[in-house]
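Overview (structure and organization)
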Amino acid sequence: YWGSDSKYYHGTYSSSAWDAASDPVQASGAAQSFGPSTPAAAATGTTLVAVQSGSNSVVYDQAWTGSWQAATALAGSSVVSSLSPTITAMNGGAAELMEVFVHAGDAGSYYLEYSTRTAGTWSAPANVYAQGTTIAYAGTTPALAALPNGGAILAWQGSSPAYPYVSTYSAAGGWTAPVAASTDTLLSPPAVAPGVCGASAALAYVKTGGAVEVVTSSGGTWGTPEAITGATGMQWVAVAAVE
């Protein structure tokens, strides 16, 4: 997590309890890791991998296998340092992990880039979607979730209009063109999770005004959003799949 001193710390959960959660994210002999925004983490096998937006506008990853290794820069990355990257462990396929971040190269019209890690090596950053003049733009941290067979789904808050947009990924076909999952105007970035009970994915978000809505996708088509009864005056939302 991101401390009030802008440094990164971690805690461990064992025997049904958390420790003091005050251990520094710090490789042996190195300075404690820090940054201008929060880190994100995902596990592959017995390795935990944290990613961060560096104050020098470069994406870094740092692995933990009982102790922290040195942070490594993602070659060719350019990130909006005030916006955190997102990372997920993949479900099937060759890639172990995927990370997505907001590219800093086009001020005012930031776009999304991604990288996958296969056999411990990250791929070069690439656009989430680029077909002609159509690119996936975002000015907030996106939400990412793994789908079966090495797929993924990415959700983010648009700028004008501030609809919840999504794109799905397959190793064979890359990213689909961004679509609006609904025409609700968002107060904050959406959250996304793999679907259950016949749905391929579930998206949750807070509308302008503070109401929470959930919408699911099946066969590539997004359904009608449903309100969470009693959820009023909300600001942020998270969603997870439970089977």
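Here, every reference points to the structure presented above.
Okay, so let's go over this structure. None of these values were measured; they are calculated from a predicted model.

The next point concerns the pattern of salt bridges. Under the definition given, this model contains two salt bridges. Between Glu213 and Lys207 there is a salt bridge whose closest N-O contact spans 3.6 Å. Relative accessible area serves as the criterion here: at 8%, Glu213 is assigned to the buried category. Taking relative accessible area as the criterion, Lys207 reaches 22% and is therefore assigned partly exposed.

What follows is about the packing of aromatic side chains. For the coordinates displayed, the defined rule picks out eight aromatic pairs. Measuring from ring centre to ring centre gives 5.7 Å for Tyr1 and Tyr9, while their planes differ by 25°; the resulting arrangement is stacked. On the basis of relative accessibility, which here comes to 18%, the residue Tyr9 falls in the buried class. Grouped by ring-pair contacts, the aromatic residues Tyr114, Tyr169 and Trp175 constitute a single cluster.

So, on to the side chain of Asp184. Residue position: Asp184 is located in the loop between strand S20 (179-180) and strand S21 (191-194). Within the buried core, Asp184 has no salt-bridge partner, and the shortest N-O distance to an opposite charge, that of Lys207, equals 4.1 Å. Looking at Asp184, its side chain comes within polar contact range of the side chain of Tyr205, at 2.5 Å.

Turning to the pairing of strand S6 (residues 47-53), a few remarks are in order. Within S6, six of the seven residues are buried, which leaves the element mostly enclosed by the surrounding structure. Note: strand S5 (residues 40-44) against S6, five bridges, orientation antiparallel. Residue Thr44 lies in a different strand from S6, and its bridge partner there is Thr47. Counting the residues that bridge the hairpin from S5 to S6 gives two residues, and of these Gly45 lies at a positive phi of roughly 65°. Sheet topology note: the S6/strand S7 (residues 59-64) ladder contains six bridges and is antiparallel. Looking at S7, one finds that Ala50 is bridged to Gln62. The turn joining S6 and S7, which pair antiparallel and follow one another in sequence, is formed by five residues; a positive phi near 65° is taken by Ser57.

Reading guide: rules and limits
- Residues numbered from 1 in each chain as written.
- Predicted model: local features only at pLDDT ≥ 70, side-chain atom pairs only at ≥ 80, totals over all residues.
- Heavy atoms only, no water.
- Salt bridge = Lys/Arg side-chain N within 4 Å of Asp/Glu carboxyl O.
- Buried < 20%, exposed > 50% of the residue type's maximum accessible area, 1.4 Å probe, protein only.
- Phe/Tyr/Trp six-rings, centres within 6.5 Å; stacked < 30°, edge-to-face > 60°.
- Helix = DSSP H or I, 4+ residues; strand = E, 2+ residues; numbered from the N terminus.
- Lys, Arg positive; Asp, Glu negative; His and termini not counted.
- Polar contact = N/O pair within 3.5 Å; in protein donor to acceptor, adjacent residues only side chain to side chain.
- Pairing = 2+ DSSP bridges.

All we've got here are geometric facts, nothing functional implied.
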